[in-house]
Amino acid sequence: MQAENQTMSFRKLSRKYDFLDNTRILLDFKFDPIKEFLDNSVEMILRQEKELDKKYHAWNKKHAHNPEVPDAFDIYEMEIINSSEFPNILNQSIYLTIYSTFENKFFSLCEWCQNVENLKIGPKDINGQGYIGQCRKYITNVLDVNLDDLNETWVEIKKYQLIRNSIAHNNGILKSPKNDVLTFIENSSGISFDTEKSQVTIESIDFLKTLIDKLTDFLSETAEKIMNKKNKAST
């Protein structure tokens, strides 16, 4: 009877961890609206730019030969300046949203495992470099799950973290970036680095969509490793 109860307990634990098999689907529900928002926002910006360009040229065509009338730039200066800032505002703000969502989901994954295992130690009790550092150490040190296969991805995520911090705290300025960070930026689509200003600029939503895909892959694969390790231990 005792053995039967123990077997049922193991099966119950296994079923709980099997829920992690839905991690990618749940992440898609969270990140897909962000991707759609990016696409819609870019279309909106392009429409506004075309409308502004049309007004600009129409004004010049109508008043080009009248020296007493201000030129189109003087008339539409503020609209031109504001319009030029829209892509940067969009890309920086959404970058921070994506990274914050990643942090939250990573932390929630750890807390969920803590509850399943009924552990007193949670991810917030672990020393690490920010939330994601705490989470990774929690999974490897407390949950005893090997994430070595994801080391290459993790190194890349740390670069995304550095870029995030520069945007959040210093308007994209990277002080004395290491060569590997500069190489990463150079080899990534949709982002650039101004060496004179030491400033990162996200130039297109391609970079943001790639970021979403890589963070989703990392969290999904991490959840899969936890699930496989715990299910194996319970059989």
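Our structure is the block above this text.
Structural notes on the nonpolar core
- Counting 52 residues, the largest nonpolar core has Y95, I98, F102, F106, I163, I185 and I226 as the members making the most contacts within it.
- Listing elements by their share of this core, those giving two or more residues are α2 (23-63), α3 (72-117), α4 (130-142), α5 (151-170), α6 (179-187), β1 (191-194), β2 (199-202) and α7 (205-233).
- With 12 residues, α3 is the single largest residue contributor to this core.
- Those residues in contact with I185 that lie beyond four places of it in its chain are I163, L174, I191, S192, F193 and V200.

A few points about the side chain of S166
- Within the secondary structure, S166 sits in helix α5.
- Ignoring any residue separated from it by four or fewer positions in sequence, one finds S166 in contact with N171, G172, I173 and L174.

Describing the state of the cysteines
- Tallied over the full model, the rule gives zero disulfides.
- No disulfide involves C110; its nearest neighbouring cysteine sulfur is the one of C135, lying 3.9 Å away.

So, α6
- When we look at burial in α6, the residues that qualify are V181, F184 and I185. Buried positions in α6, seen along its axis, are confined to an arc of 95° and lie on one side of it. Residues of α6 that are exposed and angled more than 90 degrees away from the buried face: N179, E186 and N187.
- Next to the buried residues of α6 lie α5, β1 and β2.

A closer look at the packing of aromatic side chains
- Counted under the stated rule, the structure contains 10 aromatic pairs.
- Between F19 and W112, the aromatic rings sit 6.0 Å apart at their centres with planes inclined by 35°, giving tilted as the arrangement. One end of the pair, F19, is in the loop between α1 (2-18) and α2; the other, W112, is in helix α3, and 93 residues separate them in sequence.
- The exposure class assigned to F19 is partly exposed, which follows from its relative accessible area of 42%.
- A network of ring pairs unites the aromatic residues Y99, F102, F106, W154 and F218 as a single cluster.

What counts, and at which threshold
- All chains use their own residue numbering, which begins from 1 and follows the written sequence.
- Residue-level local features of this predicted model are given only where pLDDT is at least 70; pairs of side-chain atoms are given and counted only at 80 or more, and the full residue set underlies all totals for whole chains, interfaces and linings.
- To get the side-chain values, all heavy atoms of the structure are used, and hydrogens and water are removed first.
- Within this scheme, the nonpolar core is defined by two criteria: the residues are buried Ala, Val, Leu, Ile, Met, Phe, Trp, Tyr or Cys, and they are joined through side-chain atoms within 4.5 Å.
- Categorising residues by exposure relies on relative accessible area from a 1.4 Å probe, with only protein chains included: less than 20% of the type maximum marks a residue as buried, more than 50% marks it as exposed, and the intermediate range marks it as partly exposed.
- Numbering of helices and strands starts at the N terminus; helices are DSSP runs of H or I of at least 4 residues and strands are runs of E of at least 2.
- Any two residues having at least one pair of non-hydrogen atoms within 4.5 Å are treated as being in contact.
- Note on terminology: disulfide denotes any pair of cysteine sulfur atoms within 2.5 Å.
- Working note: the arc is built from the helix axis to C-beta atom directions.
- Each aromatic pair joins two rings of Phe, Tyr and Trp (for Trp, the six-membered one) with centres within 6.5 Å, and gets the label stacked for planes under 30 degrees apart, edge-to-face for over 60, and tilted for any other angle.

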